[in-house]
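Observations on chain architecture
Below, each chain spelled out in residue letters.
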Amino acid sequence: MRLRAVADAIPTWVAVLTITAGFAVISWSGLEQWHGNGGEDSYSYVDYVQWLDKQDRIPRRDQNYEYALPIGVPAVGVVVERAFGSPNYDDPHSPPLQSWPKLLRRLLWIGLVLVGALAVARARPPQPRWLFGVGMWLAAATWAATYVIAAANNESWIPLTLISFSTAVALVPASAWLAHEVWLDRRGAPILAAAAACLLPVIFASTLYFDPDPPFALLAVIATALTMRALRTGLTAWAGAATGLVLGAAALARQSAPMIAVSLMLAVVATRRREAIRFLVAGALAMLFVAGGWWYQQWERYSNPIKSNLNRPGYMIDHQPLSWFISFPIALVTHPYKPSFMRTLLPRFHAYLWSDWYGGYHQWGDTKRFATFFASTQSVLGFGGDALVLGGVAVIGIPAVVRVARRQTGLPTDSAFAVLTSLFLISWIAFVATLARFPQHDNDPVKARYLLFIAPVSAVFGLAAGYALVRRGGWRRVAFYAWLVAYTISWSLTFATAF
């Protein structure tokens with residue numbers, strides 16, 4: 001009981017901050033190991049940044065197959081690269097305590113973050129304890145900044161990767177925010193959602209290389225959380241404008257931002273109807289203010305404001321075969337990595353999501369011992385993760401949408417789940433419809449990172465399903481805890497074979 005009392009005395013944000021710091025340290029270890037080589041398209045994105053930086057223009061269709069990518073993330077990349085300048089391989093300076101063992105240094109850094117958080121949480125400014133905690137944070141921030149700057153000054157690939165790294169790590173507290181908006185009265189929900197986000201391989205993999213999807217995902221999740229908050233506190237014009245500004249920034253990161261906006265709009269209309277008008281109008285105007293110029297430019301060029309390079313000559317086939325939609329190859333259990341089941345939808349997506357199908361943090365041609373074994377365990381245990389998420393959507397999310405649409409008196413969480421369900425379902429429908437409309441013979445667009453923005457949403461649905469199983473008790477509770485322990489061990493050992 002005393003241990004429980006101590007745990008209850010620790011503020012939620014302290015636990016979330018500590019989890020995020022630990023995830024950042026682990027992800028940085030992966031980043032150092034893989035040197036930014038994990039992304040399939042990262043070289044094209046880097047080339048886009050170089051065109052923008054050296055030529056002051058975006059590349060043409062014949063110069064880069066990512067020519068239609070919105071300018072936002074590459075523009076940030078130009079700023080970051082110019083801020084760091086050319087690598088200085090002869091720089092004699094090194095971060096503090098560089099001679100100490102890596103594990104010891106990283107545990108010490110997490111300790112600084114945790115001690116600072118506890119001190120700040122248990123005092124008020126400007127009490128000595130509060131000042132001590134702020135001092136610990138400043139020490140941790142300075143140490144981290146020194147380390148990152150030194151690394152960026154000695155490795156030319158790091159500056160751009162920092163964009164993806166920082167935004168992907170931020171998806172952990174963003175998941176906690178979503179959970180908070182769903183369960184205001186459950187203190188542990190944000191902590192568990194943050195932990196669940198850390199257990200999703202697709203989020204970890206997104207920290208390792210330069211890619212526009214992590215910034216886009218973070219902006220989409222922030223817009224979703226702002227919408228959920230507005231439904232709880234009031235659909236004011238200011239709330240709509242704030243959401244619209246974030247969605248406008250998302251539109252400058254990825255072409256699919258309007259789909260996010262439509263998903264959120266439908267949930268707001270279904271929940272509040274006429275009360276939503278000022279929120280939606282303000283949001284639309286703010287989004288147009290931020291992204292309107294880019295959309296107009298794309299319309300002038302391609303007669304399509306959200307132009308994407310999906311219809312690629314030489315890559316297209318007539319249609320997707322039936323096996324693309326419905327299949328279960330045994331290799332999903334025995335060999336869940338490239339080049340197995342290339343021409344499938346759900347098996348490849350599943351293995352990409354849970355088992356590093358492409359090889360973002362493994363070299364499948366030259367793997368460490370037991371790497372393929374843990375790839376298989378990840379794929380098998382991933383079916384439990386699929387069941388939790390899809391079960392949460394089916395049993396909790398969709399009924400909440402029905403109650404909201406029928407104006408029935410339901411649960412306090414219904415409006416929040418209506419937003420999350422709308423985003424989850426519409427995103428998946430749009431994803432599958434796009435892949436069916438533009439079928440490619442190498443099935444290249446079947447990548448889990450394109451739906452990275454629903455990873456935090458999936459963490460919340462998985463948490464909701466876990467809550468339901470624990471409440472039911474009996475064998476359901478035992479099965480859930482057994483799966484959770486097995487998956488956590490498998491994911492932990494996967495790191496050992498990847499690093």
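In this text, all values refer to a predicted model and were calculated from it rather than measured experimentally.

1. Focus on the overall build of the protein
A tally of regular secondary structure across the protein gives 21 helices and zero strands. For 499 residues, the compact-globule estimate of 2.2 N^0.38 gives 23 Å, and the C-alpha radius of gyration of the protein, at 23 Å, lies within 12% of that figure. Principal-axis analysis of the C-alpha atoms places the extent of the protein at approximately 65 × 65 × 50 Å. Relative to its 499 residues, the protein shows a buried fraction of 51%.

2. Some points on the environment of Ser-44
Following the sequence through the fold, Ser-44 ends up in helix α3 (residues 42-55). A C-alpha to C-alpha distance of 9.0 Å links Ser-44 and Tyr-67, two positions 23 residues apart in sequence. Every residue in contact with Ser-44, bar those within four places of it in the chain, is listed here: Asn-64, Tyr-65 and Glu-66.

3. Some words on empty space enclosed by the protein
Summed over the entire model, instances satisfying the criterion amount to three cavities of 30 Å³ or more. Volume-wise, the largest cavity comes out at about 120 Å³. If you go around the largest cavity, you meet 14 residues; those closest to its centre are Ala-205, Tyr-209, Tyr-352, Asp-356 and Gly-360. Contributing elements (two or more residues each) for the lining of the largest cavity: α10 (201-205) and α17 (346-355).

4. Description of the environment of Leu-52
On the secondary structure map, Leu-52 appears in helix α3. The class for Leu-52 is buried, based on a relative accessible area of 12%. Ignoring any residue separated from it by four or fewer positions in sequence, one finds Leu-52 in contact with Arg-57, Ile-58, Ile-71, Pro-74, Ala-75 and Val-78.

5. Quick look at α17
For the α-helix, the turn length of 3.6 residues means that residues three or four positions removed from each other point alike. Counting buried positions along α17 yields nine of 10 residues, so the element is predominantly enclosed. Of all the positions in α17, only Pro-347, Arg-348, Phe-349, His-350, Ala-351, Tyr-352, Leu-353, Trp-354 and Ser-355 are classed as buried. Buried residues along α17 sit in contact with α10, α16 (331-334), α18 (371-405), α19 (414-437) and α21 (474-498). Among the residues trailing α17, Asp-356 stands out with phi positive, at a value near 55°.

6. A short note on unusual backbone geometry
What you tend to see is this: most non-glycine residues have negative phi, and most peptide bonds are trans. A cis amide bond, omega 0°, links Pro-125 with the succeeding residue Pro-126. Mapped onto the elements, Pro-126 comes out in the loop between α5 (102-121) and α6 (128-154). A cis geometry characterises the amide bond from Lys-338 onward to Pro-339, with omega recorded as 10°. Residue position: Pro-339 is located in the loop between α16 and α17. The backbone phi angle of Asp-56 is positive, close to 55°, even though this residue is not glycine.

Reading the values: the criteria
Residues numbered from 1 in each chain as written. Predicted model: local features only at pLDDT ≥ 70, side-chain atom pairs only at ≥ 80, totals over all residues. Heavy atoms only, no water. Helix = DSSP H or I, 4+ residues; strand = E, 2+ residues; numbered from the N terminus. Rg over C-alpha atoms; globule rule 2.2 N^0.38 Å. Buried < 20%, exposed > 50% of the residue type's maximum accessible area, 1.4 Å probe, protein only. Contact = heavy atoms within 4.5 Å. 1 Å grid on protein atoms, 1.4 Å probe; cavity = no way out; pocket = protein on both sides within 12 Å on 5 of 7 lines; lining within 4 Å. Points joined across faces, edges and corners; volume = space filled by probe spheres on them.

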